[in-house]
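One-letter residues, chain by chain:
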Amino acid sequence: MAIQFIVNGKPQSVDVPPNMPLLWVLRDTLGMTGTKFGCGMALCGACTVHIDGEATRSCVTPVSSVAGKKITTIEGLSPDRSHPVQRAWIEVDVPQCGYCQSGQIMSAASLLAQNPKPSDSEIDAAMKGNICRCGTYQRIREAVHRAAELHKASAMPSRLDGAEDALDELAAKVGGAV
Ligand code: FES
Ligand code: FES
């Protein structure tokens, strides 16, 4: 029987065994290989995706359990790598081999959605389930702080926006002569 859910904003319907791990469905059935297989036992975090906004290990998530839910993978975090976490990761040059990084980024994005300004210890607690065999942990922590700054800056109204509003108001008063 077909199982239906949303992946990165797009409805999907898959006819697979209900206990098939979501990770296999994403990679093998839907051809989305950004989410990685590491351990298959919820121990490494390489397979992390968001299910209804929660960071979840897709390797131990039966596809039947996500029927009707919204899934976000690394491919759908932003259309153009503009998510603050992606921008910070590029700026800080976090990845080494890169294998663990889509899982790291999805965990970091979930953390910042719940806690926009995490402390070092909150970052360490949230990211401890994501293992990096290259040992990029220091740069991950730095990039999460940087992503928090970028997110805050993008949420603040621009001073230029205010100036444009003032000019519009002035133009209205003087009949559009500004
Ligand atoms: S592959 Fe899922 S946690 Fe390791
Ligand atoms: S960057 Fe190589 S495993 Fe993390």
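Reference entry: report on the structure contained in this document. The shown structure was predicted, so the numbers you read here are calculated from the model rather than taken from an experiment.

## So, the sheet that holds strand β1 (residues 3–7)
The strand order β2-β1-β5-β3-β4 describes an open sheet built from 5 strands, whose pairing is mixed. At either end of the open sheet lies a strand with only one pairing partner, and these are β2 (10–14) and β4 (54–57). Neighbour-to-neighbour, the strand axes of the sheet open up by a mean angle of 40°, direction not taken into account. Relative to β2, β1 is paired through 5 bridges, and the arrangement is antiparallel. Within β2, the residue paired with I3 across the bridge is V14. Strands in contact with helix α1 (residues 22–29) are β1, β2, β3 (48–51) and β5 (70–72); relative to β3, the strand with the most contacts, it is inclined by about 105°. Running over the sheet, helix α3 (residues 101–114) touches β3, β4 and β5 and is turned about 35° from β3.

Rules used throughout
- Residues numbered from 1 in each chain as written.
- Chains lettered and ligands numbered in written order.
- Predicted model: local features only at pLDDT ≥ 70, side-chain atom pairs only at ≥ 80, totals over all residues.
- Heavy atoms only, no water.
- Pairing = 2+ DSSP bridges.
- Helix = DSSP H or I, 4+ residues; strand = E, 2+ residues; numbered from the N terminus.
- Axes fitted to C-alpha atoms, helices over the stretch in contact; angles between N-to-C directions.
- Contact = heavy atoms within 4.5 Å.

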